[in-house]
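Take a look at the letters that make up each chain.
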Amino acid sequence: MYFIANWKMYGDLKSIKSLNKVIKFTRLNKRKKFKIIYCPPYTLLDSFSKKIKKTKIELGAQNCHFEISNGPFTGSISPTMLKKIGSNYVIIGHSENRSTGETNAEVNKKIKSSIKSNLKVIFCIGETLIEKRKKLTNKILYKQILKGLYKIKNLNKILVAYEPIWSIGTGVIPKIDDLDKNVTFIKNVLKKHLKVKNPKVLYGGSVNPKNVENLVSIKAIDGFLVGGASQKAKNFIDIVKKTII
Ligand code: PGA
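Reading guide: rules and limits
- Residues numbered from 1 in each chain as written.
- Predicted model: local features only at pLDDT ≥ 70, side-chain atom pairs only at ≥ 80, totals over all residues.
- Heavy atoms only, no water.
- Buried < 20%, exposed > 50% of the residue type's maximum accessible area, 1.4 Å probe, protein only.
- Helix = DSSP H or I, 4+ residues; strand = E, 2+ residues; numbered from the N terminus.
- Pairing = 2+ DSSP bridges.
- Axes fitted to C-alpha atoms, helices over the stretch in contact; angles between N-to-C directions.
- Contact = heavy atoms within 4.5 Å.

S.K.: Looking at this structure, how should I read the pairing of strand S8 (residues 223–226)?
M.R.: Note on strand geometry: in a regular strand, side chains alternate between the two faces of the sheet. Both faces of S8 are covered, namely the face carrying Gly223 and Leu225 and the face carrying Phe224 and Val226. Alignment of strand S1 (residues 2–6) against S8, held across 4 bridges, turns out to be parallel. Of the residues in S8, the one forming a bridge with alanine 5 is valine 226. Summarising the sheet, strand S7 (residues 200–204) and S8 pair through 2 bridges and their orientation is parallel. Bridge assignment links glycine 204 to a residue of S8, and that residue is leucine 225.

S.K.: For this particular structure, what's the right way to read the sheet that holds strand S6 (residues 158–162)?
M.R.: What links the strands of a sheet is backbone hydrogen bonding, and the strands pair in either a parallel or an antiparallel sense. Strands sit in the order S1-S2-S3-S4-S5-S6-S7-S8 around a closed barrel of 8 strands; the barrel is parallel. Along the sheet, successive strands turn relative to each other by an average axial angle of 25 degrees, direction set aside. In terms of strand pairing, strand S2 (residues 35–39) meets strand S3 (residues 58–61) through 2 bridges, oriented parallel. Note that in S3 the partner of tyrosine 38 across the bridge is leucine 59. Running over the sheet, helix H10 (residues 233–244) touches S1, S2 and S8 and is turned about 165 degrees from S1.

Right, here's the structure in full:
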């Protein structure tokens, strides 16, 4: 099971202290099978990277540019830069970036360069509320998967995060049956159309220590992408505990 902490545009040097509890938790549970990946803002990647050395926790970034190494792209960070600073993962295609204009084609270019830079990709997909109401969810997910992963070879380096947009930051999660069906649909598309042998699909959107008890009943889910609830160590640890213990 994967547990990804997406800190979004939150956190400063002081907030790194909250990692102490999480590091302790991972040491106490080192026999259990789970992976924790922290995705803080770019400004904290270096400090996080030093802090998690010699622990089982891994580091990820929240986005990157599609240019693999360097270039005249003011304000951007390349996948190679992320790798060099100690990131092993990068989130790509988050709806908060898609909503400001990131297209499926750009997502595809970013994924390609990230994989070339030896990063693993947390590839976000999900439908809006209007699309859900119009029963377009499968169509949207299918399109996002096929366009986002177009001509990508190392698909074993991709973790898909299914995040219905209407669930992110709203406190509302999908009905368990619907979520089960959607995660299974995503896995089938990856298996049948892209020949991924053992696809990994996580769920994200308002996951908290309470609702995770219901979410874990869905066997097809391979982990959680956690936003708000990942900022407090106790909440994040509770989510992990309720899933793996
Ligand atoms: P949330 O965010 O847990 O705060 O809903 C999840 C995400 O955006 O990845």
